[in-house]
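Overview (structure and organization)
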Amino acid sequence: MYIPHTKTDKEEMLKSIGVSSFEELVKQVPSKFLWPGFALPEESLDETQAAARMAQLAAGNKRPLSFLGGGAYERYTPAAVKAITSRTEFLTAYTPYQPEASQGTLQAIYEFQSTVSALYGMDCANASLYDGASSFAEAVRAAVRVTGRKKIVYCAGVNPQYMDTLRTYFAHSPEYSYVRIPMKDGVMDKAALPALLEGAACIAVQTPNFLGLIEDMSGVAETAKKAGALLVAAADPVSLGILTAPGEYGADFAVGEGQSLGLPLSYGGPYLGLFSCKKEHVRQMPGRITGMTKDKDGKRGFVLTLQAREQHIRRDKAASNICSNEALCALAATVYSALYGPEGLKELAEANSGAAAFAAERLGAIKGCSLKFKGPFFNEFVLSVPGKADALREKALARGVDIGLPLAPLFPELGETLLVCATETKTEADILRLETVVKEAI
Amino acid sequence: MICAPAIDNRLSIEKSEAGRRGLWCRNPLRAKAKVPAELRRKSPPRLPELSEFDVVRHYTRLSRLNFSVDTHFYPLGSCTMKYNPRFNEEAAALEGFTALHPLAHDTCAQGTLELIHDLSARLVELCGLDAITLQPAAGAHSEFTGLLLAKAYFEAKGETRNEIIVPDSAHGTNPATASMMGFTTVNIASKPDGRLDVEELKKHIGPKTAVLMLTMPNTLGIFESNIEAIAAAVHEAGALFYMDGANLNALIGMVKPGDFGVDLMHLNFHKTFSTPHGGGGPGAGAIVCREQLAPFLPVPLVRKEGGKYVSDFGDGRSIGKVKAFFGNTGVLIRAYAYMLAHSAAELGDIARYSIINANYVRALLKDIYPSYSKEYCMHECVLAPGADMTAKGLKTLDVAKGLLDRGFHAPTIYFPTIVHEAIMIEPTETESRATLDEFAAAMRDIHDAGVADPQTLKDAPHTMPVKRLDEVQAARQPNLHW
């Protein structure tokens, strides 16, 4: 209970209002609907009891040494990030509708947009969307609006959850067609592209792709452009500490899952949708955008801008229905990026690459296991295993290690395989333990 | 803000010094990195190079430029800016919750799954409905999910219905969501008392209508007293009744929406259930619905099976996913902590005191800021500047800026659009009478000072880090990054 009123407060307030009882205030609600019974606890917990209940639930989750990736990555959240995001001036504010009283949030969003633009090498970014999947779906929707075409060509390596979300965003309407670019050695078969792109709104790519492999993006934007299609690229932001930025290979829209920038896994959210584009598409961006401007005295200040795209102005003509986004997560990502800087992000990316390379080397050498693909990968890879992958995973879990995600339900064509991920949180000793446990489980 | 701090509005990048560092990654496995040169980026991203202290001071100073619920009364109508209990934050930060990977094996996720299962059951009961999804990341995202359910439901029945009816007082997200899904929006004008015109509804509703979306109480803070007639008209036409739950704070624990014929509705955890707004998110949403819509809910859902909790991927009729993974679980954990702190009766007190507080503010101000509705309001009231203010050319925007100078965040302004110069005030139940008295005094002071010296109020704010900002220039020549 967080209500401050005393009995006297209540009585005097009702008197000021001019009623003798609360019931007079709610006469507009048909009385037969008022105060039904609820099959809910008759007693609330005090904070001591509630803390015990929450601790018990938290302890109900197990914490194996985990090598899961697949779109969400184990990261360390720096103490300074937690300190800033728990400043309640950020935490308990809302969308900066009153800019003079929200310069802190607004400048932080501007710096977030700048961080995303810099990482992805793009002209502009918005103030965030819900997660990587919704950013991906919104980018494809924008490409459809720009081109007026309804055919979506996508790489087989795009995260299947992103594709599911995209189809949902188009409400499974039969007007839209989805053409999958065949996979060759775990990456897109670029030779197949020109024939597939005819009449397409976009080609949607993810790199590193869901299987961890880095797509060779050279020439892809040019091929798309020839067909009048746009390039939508999804990329993990930490990978961009070393990998070619989407802007460098000519992406029109570049998106990503910002969870990688130091956000906790938290069973799927809150995460952070990163969304950026070339400047000619700026008015197709969904969601909030902050711009720099001046006040009456000529002093620098920040405001929400280009609001003519948004639902509260345009209603049914809006670019998107989004209202709340993930501002606090965007702040966390901005602080994380500022703490590491360009050099630190490069180190993080190298540590991911190195940890995964080492894990691949050790696991690939186990008898009966092998690496499914030969191409360069970032922080995860596909491992072929003897026997059933999910049974192997369960055996390893009993030994305290989650060895990776069985891929058969998502990619049956890959056979019995695991998607194994190692980020900068993993040490050489962790990977050697993984190796031991996989050997034992086999 | 205690006083306006000397503003340092330099960007982080403008404080950057080449070679300065905040954090390092020294993991020796870096040496094993294998990325071919041709796949590497050509130039490093242009990010600031700062020490950790630089970063902490920079963002701590920025934080002080904000008004927030913790520092200021924040009566933003329709946003339910109530107190965000610290306990919720601590509970959600428990490592057992934060470290859980979304693809973790169910056997490793029993604690979180149990929490989701229990929260789901409580919310379903609270709404008087049958089933729920917690996957949407926000209110608008929930609306989208709800309309997808409706679409799937009618498709399964072999019916083609492509119209969504919304009243003109609806939140902008309602029509925006409808058109995102290819529905046509049919707008219905409200009656002078702010309620939905049932006769108009009957004229427009029919075999093409999929859904009536209705915010309850509506954006004027008024309950649709003819709710039974509305629900009957909707059901007679074979359509579904969707309740926009943005304003549920007025009804929680006092009524069950299912009782008055709602078929599906959304919840905003960052409003009714006290999770922090974060400067614009993250929020979380839910769709609660009747049995007949349940097969179409997004997957996964959580089911209890022989004493264990399992992720349920449905029977193939699901609308699919509206976001990756489960949902904004971290926000749901906060909402659950809030539910634990309330008995059934105490949930009803939330509605009771949110209504008392709104009517109290209305009563204190209605002589100089007339109320649009002549009735008592529910959890929020919609006022406007009186004739003596408008005669001096004073507008709602001036009142809003005057409030900032007096240490109060402004209410929602110019919404709902059907009210000229609207000032929409939602105090919430967590504000004390003393705060409301101070707020009313500030509003009266703005009135008196504004009528006496209009120009000073038109130039407000005077005490904020910046004065009124040039929004036209911001839109004409967008400067969106460093």
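Note that this is a predicted model, so its numbers are computed, not measured.

**What about the overall build of chain A?**
Within chain A, the regular secondary structure consists of 13 helices and 17 strands. Taking the principal axes of the C-alpha coordinates as reference, chain A spans close to 80 × 55 × 45 Å. The buried share among the 442 residues of chain A stands at 62%. Counting only contacts in chain A whose residues sit at least 6 apart along the sequence, the fraction spanning at least 24 positions is 73%.

**Quick look at the interface of chain B and chain A**
On the side of chain A, 165 residues touch chain B, which itself brings 171 residues to the contact. Per-element tally for the side of chain B that touches chain A: the top contributor is helix α10 (residues 344-365) of chain B, with 11 residues.

**Description of the domain arrangement of chain B**
Along its sequence, chain B is carved into domain 1 (6-21 + 48-58), domain 2 (88-340) and domain 3 (345-472). Between the C-alpha centres of domain 1 of chain B and domain 3 of chain B the distance comes to 38 Å.

**Examining the pairing of strand β11 (residues 290-294) of chain A**
All names here are of chain A. Taking burial as the measure, the five residues of β11 include four buried ones, the bulk of the element. Here β11 pairs with strand β12 (residues 300-304) via five bridges, running antiparallel. Within β12, the residue paired with Lys-294 across the bridge is Arg-300.

**Examining the sheet that holds strand β12 (residues 423-425) of chain B**
In a beta sheet, neighbouring strands pair by backbone hydrogen bonds and run either parallel or antiparallel. Residues and elements named next belong to chain B. Read across the sheet, three strands follow the order β10-β12-β11 without closing on themselves; strand pairing throughout is antiparallel. Of all the strands in the sheet, just β10 (381-383) and β11 (412-413) have a single pairing partner and so form its edges. The pairing of β10 with β12 spans three bridges and is classified as antiparallel. Each bridged residue has a counterpart across the sheet, and for Cys-381 the counterpart in β12 is Ile-425. Of the strands in this sheet, β10 and β12 are in contact with α10, which crosses β10 at around 25°.

**Digging into the nonpolar core**
The biggest cluster of nonpolar side chains holds 327 residues, and the ones touching the most others in it are Val-140, Cys-202 and Ile-203 of chain A together with Leu-149 and Val-288 of chain B. Leave out the neighbours within four places in its chain, and Ile-203 of chain A touches Val-153, Leu-197, Val-220, Ala-224, Ala-229 and Leu-231 of chain A.

**What about the pairing of strand β6 (residues 264-268) of chain B?**
Residue and element names in this part refer to chain B. The buried fraction of β6 is high, at five of five residues. Burial along β6 is two-sided: Leu-264, His-266 and Asn-268 and Met-265 and Leu-267, pointing in opposite directions, are all buried. Pairing between strand β5 (residues 240-244) and β6: two bridges, direction parallel. By the bridge assignment for β6, Met-243 is matched with Met-265.

**What to know about the sheet that holds strand β4 (residues 209-215) of chain B**
Residues and elements named next belong to chain B. One open sheet holds the seven strands; their spatial order is β1-β7-β6-β5-β4-β2-β3, and the pairing between them is mixed. Among the strands making up the open sheet, the edge pair consists of β1 (131-133) and β3 (184-188). Averaged over all neighbouring strand pairs, the angle between strand axes comes to 25°, with direction disregarded. Pairing of β4 with β5 involves five bridges; the strand directions are parallel. In the sheet register, Met-213 faces β5, and the bridge partner there is Tyr-242.

**Details of the environment of Lys-184 of chain A**
Residues and elements named next belong to chain A. Within the fold, Lys-184 resides in strand β5 (residues 183-184). Since 14 C-beta atoms lie within 10 Å of it, Lys-184 is described here as partly exposed. Taking C-alpha positions, Lys-184 is 34 Å from Ser-266, a pair spaced 82 residues apart along the chain.

**Quick look at the confidence of the model for chain B**
All names here are of chain B. On average, residues of chain B carry a pLDDT of 95, and 99% of them reach 70 or more. When the criterion is pLDDT under 50, residues 1-5 qualifies, and its contacts beyond four places in sequence or with other chains add up to six contacts. With pTM at 0.97, the complex prediction returns an ipTM value of 0.97.

**With respect to the environment of Asp-390 of chain A**
Structurally, Asp-390 of chain A can be placed in helix α12 (residues 389-398). C-alpha separation for the pair Asp-390 of chain A and Asp-297 of chain A, spaced 93 residues apart in sequence, amounts to 65 Å.

**So, the domain arrangement of chain A**
All names here are of chain A. Each assigned domain of chain A is listed here: domain 1 (65-76 + 342-441) and domain 2 (79-335). For domain 1 versus domain 2, the separation of C-alpha centres amounts to 28 Å. Each partner contributes residues to the interface: domain 1 has 25 residues there, and domain 2 has 23 residues. Elements that contribute at least two residues to the side of domain 1 that touches domain 2 include exactly α11 (327-364) and β14 (380-384). Counting residues per element, the side of domain 1 that touches domain 2 draws most heavily on α11, which supplies six residues. Across the side of domain 1 that touches domain 2, the residue classes break down as 13 nonpolar, five polar and seven charged.

**Re helix α12 (residues 396-405) of chain B**
Residue and element names in this part refer to chain B. Across the 10 residues of α12, nine count as buried, placing the element largely inside the fold. Along α12, the positions that sit buried rather than exposed are Thr-396, Asp-398, Val-399, Ala-400, Lys-401, Gly-402, Leu-403, Leu-404 and Asp-405. In this structure, the buried side of α12 is in contact with β11, β12, α13 (433-452) and α14 (454-458). In the stretch just after α12, Gly-407 is the one whose phi turns positive, near 85°.

**A word on unusual backbone geometry**
Following Gly-269 of chain A, the chain continues into Pro-270 of chain A via a peptide bond in cis, with omega recorded as 5°. Going from Phe-415 of chain B to Pro-416 of chain B, the amide bond is cis rather than trans, its omega being 0°. Structurally, the position occupied by Pro-416 of chain B is in the loop between β11 and β12. Of note, the phi angle at Thr-428 of chain B is positive, near 70°, even though the residue is not glycine.

Conventions we followed
Residues numbered from 1 in each chain as written. Chains lettered and ligands numbered in written order. Predicted model: local features only at pLDDT ≥ 70, side-chain atom pairs only at ≥ 80, totals over all residues. Helix = DSSP H or I, 4+ residues; strand = E, 2+ residues; numbered from the N terminus. Buried ≥ 20, exposed ≤ 12 C-beta atoms within 10 Å, placed from the backbone. Contact = placed C-beta atoms within 7 Å. Domains from an automatic or database assignment. Pairing = 2+ DSSP bridges. Axes fitted to C-alpha atoms, helices over the stretch in contact; angles between N-to-C directions. Core = buried A, V, L, I, M, F, W, Y, C linked by C-beta atoms within 7 Å. pLDDT = per-residue confidence, 0-100. Nonpolar A, V, L, I, M, F, W, Y, C, P; charged D, E, K, R; others polar.

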